[in-house]
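Breakdown of the fold
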Amino acid sequence: MTSTVITGIGELTTNDDELGTLTDAALVIDGDRVVWAGPAADAPEADERFDAAGRAVLPGWVDSHTHLVFAGDRTAEFAARMAGQSYQAGGIAVTVEATRAATDEELAANLRKHIAEAAAQGTTCMETKTGYGLTVAEELRAAKIAAEADEVTFLGAHLVPPGEDADTYADLVRGEMLDAVAPHVGWCDVFCEQGAFDADQSRRILVAAKERGLGLRVHGNQLGPGPGVQLAVELGAASVDHCTYLAESDVDALAGSDTVATLLPACDLSTRQPLPDARALIEAGAAVALASNCNPGSSYTSSMAFCVATAVLQMRMTIEEAVRAATWGGARALRRETGDGAVGVLRPGARADVHVLDAPSTTWLAYRPGVPLTHAVWRKGARVG
Ligand code: NIG
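This write-up is about the structure you can find in this document. (Residues numbered from 1 in each chain as written. Predicted model: local features only at pLDDT ≥ 70, side-chain atom pairs only at ≥ 80, totals over all residues.)

1. Overview of the overall build of the protein chain
Helix and strand content of the protein chain: 13 helices and 16 strands. Taken against the 2.2 N^0.38 rule, which gives 21 Å for 385 residues, the C-alpha radius of gyration of the protein chain at 20 Å falls within 12% of a compact globule. Over its C-alpha atoms, taken along the principal directions, the protein chain stretches across nearly 65 × 45 × 40 Å. Sequence-distant contacts, at least 24 apart, represent 69% of the contacts inside the protein chain between residues at least 6 apart. (Helix = DSSP H or I, 4+ residues; strand = E, 2+ residues; numbered from the N terminus. Rg over C-alpha atoms; globule rule 2.2 N^0.38 Å. Contact = placed C-beta atoms within 7 Å.)

Given below as C-alpha cells:
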C-alpha cells in the first residue's frame, strides 16, 4: 500500500470535534484510509508527497440523495416549467417508460457516467435509488444495477403506476416487491406526498421494510405541507428528504429526533418551489444535510458545490454549516459518519475521501459560485479527479 502526505494545506476542514478546522496543516493517507491529520510541521513522512500549495482541503462531498438508475431526459418538461407550468410528480412516469425500455448495460453506463461526473466535482460517497421501474422485475433490476453506488435505496413507492389502484400497488411494494429487492439494498424510502402515497400506505411499507432489516428514509413535505416528516420521526427514519414545507411542529419533531433533515435546494430551484427554512431547523437543533437529488425530472445536477453556494447565498446558512451539511450531514443521513471507514470526516481511520479546492478556503464555494473549484480528489485513497 502506498502512503501520501498532503502538505501545504491552507485550511483543513476535518469535521472532527477534536481536530476542528486547521490552518497550515497536513494530512496523510495510507491505502484507503486517513492515518494522520494535524499541523504541517508535525507531519510524518510518507511514500509520496502532494503539495496543496495553500489550498483548502475538506472531506469529499457525501451526496445522500440521488435517483440515478434511469434512462432518457425530461428537457421539454423542464422548459415548460421555466415557462410557467408547475412541477407534477406524474412526470416520473415518463422516466419509468424510458427506463423500462433501456437495457441493463445502458442503465449501468448512465449510472457510471453520473458517478464519474460527480466524482470529478468532489463527490466521493453517493447514495442512489430505484424507483423508475415500479414492477417487481424492474425494481429488482434497478436495485442490482444501483450496486455501483455506495448506498442503495429501494423506492418502489415512488409513484402509483398510472392506471393502478394505490392500495393494491402499496401492498405489492410491501410484500412481493420488498421480498425480491430487500437482499440487494440497505434502505427503503417512500414518497409520502399528495399524489403519491398517503401516510397509512407509507407507514405500512416502511414498517414492512424495517421488519426485513432495512434502514428507513422518507421523501416528505416536498410539494406542500404533509405527514412525511412526522412519519419519518415516528418510525426512526435516518433521514427525511426535501422538507420544503415545514410546520413548526415538524421542525420541533426533527429537533427532538435522530432523523436528519436533508435539504435539496437544487430541486426546489428547478421546480420553482420555495427554499427550505434551514435556519429554523439549525436553530432548533435539528441535524441538516444537503444533497443534490440528481435525477432527470426535478433536479438534474450532480453539483454539490452548487447546493452549498445556494444554501449560503439564499438559505442563510453559514459557509461552515453548508459545508458540514454536504459532508458530515450526508454521512449522518446514511449513518456512515462514525467508526472505521467513516465518510464525511477526515480523521485517522476515516475513509481516504479527500477534496482539494482550487481556493484558499471553503468560503470561495459561495464567494465564487458557479466556478469549478475542484483541484484534486481522492476516493478510497485513489485519485479520481
Ligand atoms: O426527489 N419526489 C420524488 N422524486 C424525485 C423526483 C423524480 C422525478 O421527477 O423524476 C424527487 O424530486
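Right, picking up where we left off after that structure.
2. A word on the pairing of strand E8 (residues 151-157)
Within E8, 7 of the 7 residues are buried, which leaves it mostly tucked inside the rest of the structure. Taken together, the 3 bridges between strand E7 (residues 123-129) and E8 define a ladder with parallel strand orientation. Across the sheet, the residue bridging to Lys 129 is Thr 153, located in E8. Strand direction decides the pairing type here: E8 and strand E9 (residues 187-192), joined by 3 bridges, are parallel. Bridge pairing in E9 places Phe 154 opposite Cys 188. (Buried ≥ 20, exposed ≤ 12 C-beta atoms within 10 Å, placed from the backbone. Pairing = 2+ DSSP bridges.)

3. Some details on the packing of helix H5 (residues 166-181) against helix H6 (residues 199-211)
Put simply, H5 and H6 touch, their axes get as near as 10 Å, and they point 5° apart. Between H5 and H6, the angle is such that the two are roughly parallel. Residues Ala 166, Asp 167, Ala 170, Val 173, Arg 174 and Leu 178 of H5 form the contact with H6, whose participating residues are Gln 201, Arg 204, Ile 205, Ala 208 and Ala 209. Class assignment of the residues belonging to the contact of H5 with H6 gives a composition of 7 nonpolar, 1 polar and 3 charged. (Axes fitted to C-alpha atoms, helices over the stretch in contact; angles between N-to-C directions. Parallel < 35°, antiparallel > 145°, perpendicular 65-115°, else oblique. Nonpolar A, V, L, I, M, F, W, Y, C, P; charged D, E, K, R; others polar.)

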